[in-house]
Amino acid sequence: MNVLKRWLNSDVGYSFRQSPTAMVAAAIAVLFLFCAAFAGWVSPTNPFDLATLELSDARLPPAWMEGGSTKFLLGTDDQGRDILSAIIYGSRISLVVGIASVVLSVVVGVGLGLLAGFRGGWIDALLMRLCDVMLSFPAILVALLIAGVGRALFPDAHESLAFGVLILSITLTGWVQYARTVRGTTLVERNKEYVQAARVTGVAPLRIMFKHVLPNVMGPVMVLATIQVATAILTEATLSFLGVGAPPTSPSLGTLIRIGNDYLFSGEWWITIFPGLMLVLIALSVNLLGDWLRDALNPRLR
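Residues numbered from 1 in each chain as written. Predicted model: local features only at pLDDT ≥ 70, side-chain atom pairs only at ≥ 80, totals over all residues. Heavy atoms only, no water.

S.K.: Run through the overall build of the chain, naming residues and quoting values.
M.R.: Helix and strand counts for the chain come out as 12 helices and zero strands. Along the chain, from the amino end to the carboxyl end, the secondary structure elements read α-α-α-α-α-α-α-α-α-α-α-α. Once the C-alpha set of the chain is aligned to its principal axes, its extents read approximately 75 × 50 × 30 Å. Taken across its 302 residues, the chain has 44% of its residues classed as buried. Pairs at least 24 apart in sequence give 70% of the contacts found in the chain among residues at least 6 apart. (Helix = DSSP H or I, 4+ residues; strand = E, 2+ residues; numbered from the N terminus. Buried < 20%, exposed > 50% of the residue type's maximum accessible area, 1.4 Å probe, protein only. Contact = heavy atoms within 4.5 Å.)

S.K.: Describe the pattern of salt bridges, naming the residues involved and giving the relevant values.
M.R.: Enumeration over the complete set of coordinates arrives at six salt bridges. Its salt-bridge partner being Arg81, residue Asp77 comes within 2.7 Å of it at the nearest N-O pair. Summarising the burial analysis for this pair, Asp77 and Arg81 share the class buried. In this structure, Asp124 engages Arg183 in a salt bridge whose closest nitrogen and oxygen atoms are separated by 2.8 Å. You can see Asp124 sitting in helix H6 (residues 121-135) and its partner Arg183 sitting in helix H8 (residues 159-189), a full 59 residues away along the chain. Exposure remark for Asp124: the relative accessible area of 10% places this residue in the buried category. Through salt bridges with shared partners, a single network forms among Arg129, Asp132 and Arg180. (Salt bridge = Lys/Arg side-chain N within 4 Å of Asp/Glu carboxyl O.)

S.K.: How would you explain the packing of aromatic side chains if you had to name every residue and give the values?
M.R.: Per the stated rule, a full pass over the model turns up five aromatic pairs. Taking the centre distance of 5.0 Å and the plane angle of 45 degrees together, the rings of Phe34 and Phe38 count as tilted. Ring centres of Phe38 and Trp41 lie 5.4 Å apart, and the angle between their planes is 15 degrees; on these two criteria the pair is classed as stacked. The class of Phe38 is partly exposed, set by a relative accessible area of 34%. Judged by relative accessible area, which is 72%, Trp41 ranks as exposed. Among the aromatic residues, those joined into a ring-pair cluster are Trp64, Trp269, Trp270 and Phe274. (Phe/Tyr/Trp six-rings, centres within 6.5 Å; stacked < 30°, edge-to-face > 60°.)

S.K.: Tell me about helix H3 (residues 20-37), and please be specific about residues and values.
M.R.: Because the α-helix completes a turn every 3.6 residues, residues three or four places apart line up on one side. Over its 18 residues, H3 extends 25 Å from the first C-alpha to the last, a length consistent with the 26 Å expected when each residue adds 1.5 Å. Here H3 has its buried residues at Ala22, Ala25, Ala26, Ala29, Phe32, Cys35 and Ala36. Along its buried surface, H3 packs onto helix H2 (11-17), helix H4 (39-42), helix H5 (83-119) and helix H12 (270-296). (Expected span 1.5 Å × (residues − 1).)

S.K.: I'd like a description of the environment of Met222, backed by residues and values.
M.R.: With respect to the helices and strands, the residue Met222 is situated in helix H10 (residues 205-241). Distance from Met222 to Leu297, taken between C-alpha atoms, is 9.5 Å for residues 75 residues apart in sequence.

S.K.: Please set out the packing of H5 against H12 residue by residue, giving values where relevant.
M.R.: At a minimum axis distance of 10 Å, the contact between H5 and H12 shows a crossing angle of 40 degrees. Here H5 is positioned oblique relative to H12, judged by the angle of their axes. When the axes of H5 and H12 are compared, the crossing they make is right-handed. Of H12, the residues touching H5 (which contributes Ile83, Ile87, Ser91 and Leu95) are Trp270, Ile271, Phe274, Pro275, Met278 and Ile282. Broken down by class, the residue content of the contact of H5 with H12 amounts to nine nonpolar, one polar and no charged. (Axes fitted to C-alpha atoms, helices over the stretch in contact; angles between N-to-C directions. Parallel < 35°, antiparallel > 145°, perpendicular 65-115°, else oblique. Left-handed = near helix turned anticlockwise from the far one by under 90°. Nonpolar A, V, L, I, M, F, W, Y, C, P; charged D, E, K, R; others polar.)

S.K.: An account of the confidence of the model for the chain is requested, with residue identities and associated values reported.
M.R.: Any region with low pLDDT has predicted coordinates that should not be read closely. The predicted model of the chain has a mean per-residue pLDDT of 83, with 92% of residues at 70 or higher. Per-element confidence in the chain ranges from a low mean pLDDT of 64 for helix H1 (residues 2-8) to a high of 90 for H5. (pLDDT = per-residue confidence, 0-100.)

S.K.: Tell me about a nonpolar patch on the surface, and please be specific about residues and values.
M.R.: A contiguous nonpolar patch, built from Leu33, Ile99, Val103, Val107 and Val108 and spanning about 400 Å² of accessible area, is present on the exposed surface. When residues of the nonpolar patch are assigned to their parent elements, the largest contribution, four residues, is made by H5. Within the element layout of this structure, Val108 appears in helix H5. (Patch = residues over 30% accessible without salt bridge, like charges linked within 9 Å, V, L, I, M, F, W, Y side chains within 5 Å. Areas by Shrake-Rupley, 256 points an atom, 1.4 Å probe, with all protein chains shown as cover.)

S.K.: Give a description of the layout of surface pockets that names residues and reports values.
M.R.: Considered as a void within the structure, the largest pocket measures approximately 430 Å³ in volume. Lining of the largest pocket is provided by 19 residues; of these, Ala29, Leu33, Thr226, Val286 and Leu289 occupy positions nearest its centre. At the level of secondary structure, the elements contributing two or more residues to the lining of the largest pocket comprise H3, H5, H10 and H12. Tallying contributions element by element places H12 first for the lining of the largest pocket, with six residues. For the lining of the largest pocket, the residue count by class is 17 nonpolar, two polar and no charged. Its boundaries defined by the atoms lining it, the second largest pocket holds a volume of some 250 Å³. What lines the second largest pocket is a set of 18 residues, and nearest its centre among them are Ala139, Thr173, Gly174, Gln177 and Gln228. Of all the secondary structure elements, the ones that give two or more residues to the lining of the second largest pocket are H5, H6, helix H7 (139-153), H8 and H10. Looking at the lining of the second largest pocket, the element that brings in the most residues is H8, giving six residues. In terms of residue class, the lining of the second largest pocket is built from 10 nonpolar, eight polar and no charged. (1 Å grid on protein atoms, 1.4 Å probe; cavity = no way out; pocket = protein on both sides within 12 Å on 5 of 7 lines; lining within 4 Å. Points joined across faces, edges and corners; volume = space filled by probe spheres on them.)

See below:
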């Protein structure tokens, strides 16, 4: 409680309290995280328990429409699964993949960007040319290639390995922006007086990088990481929609949208519309938080 109170009384906390948009976006994001973390308790049913599925319940409309059932608030899909429960479980997978890939991208990108900016020379040139090569290809194409190759090499792999390949494919396309951002900020920080003083006193270069320079370059990284969570979730949904993302036995929001797309023009619009709305709300709330954080951490915009 003391930590939360100090944060609310800080400049960033004051900016948060003065921004209704940020508070609403944060409330929506926290709600989604809570439902995803406690999906087994929050969702009305377990949509992936085959023993509970009834084909006679397939493609039921939402409860407020004619033919709907109060048992299935948002209707059912082609297998009789409750759409609301499937969305809750699917959002958990999308959030886990998105957050995990962003965390790995931050670790790799910040480490390489810090090394390139602080050491310079051939290391900087090599890493930046690698970034240029990665940026010359569309991120979704690279992720699609890596995910497709991984699934082809391990066709009978366990679900955890399939998720690992998915996270890796998104990570390898996301670290570049962090590396370039940190590298540019490090080029400025390494010539400042506190770094020169640390060098004169004999502090090891590695200690200077991580103890002195790193804390001063994390502001832009935090903003970028917040926004990139939404991008990673959308990338995962795109890969799943194309059939190379989450396995069918544990569908994410992208998989649910792909399944419902087959019934979109036959009248069962709720199978794809509701997962799509959930995906839009998650991405929008995270992007709004990222925009607020960018303004809150920029003294010129206060």
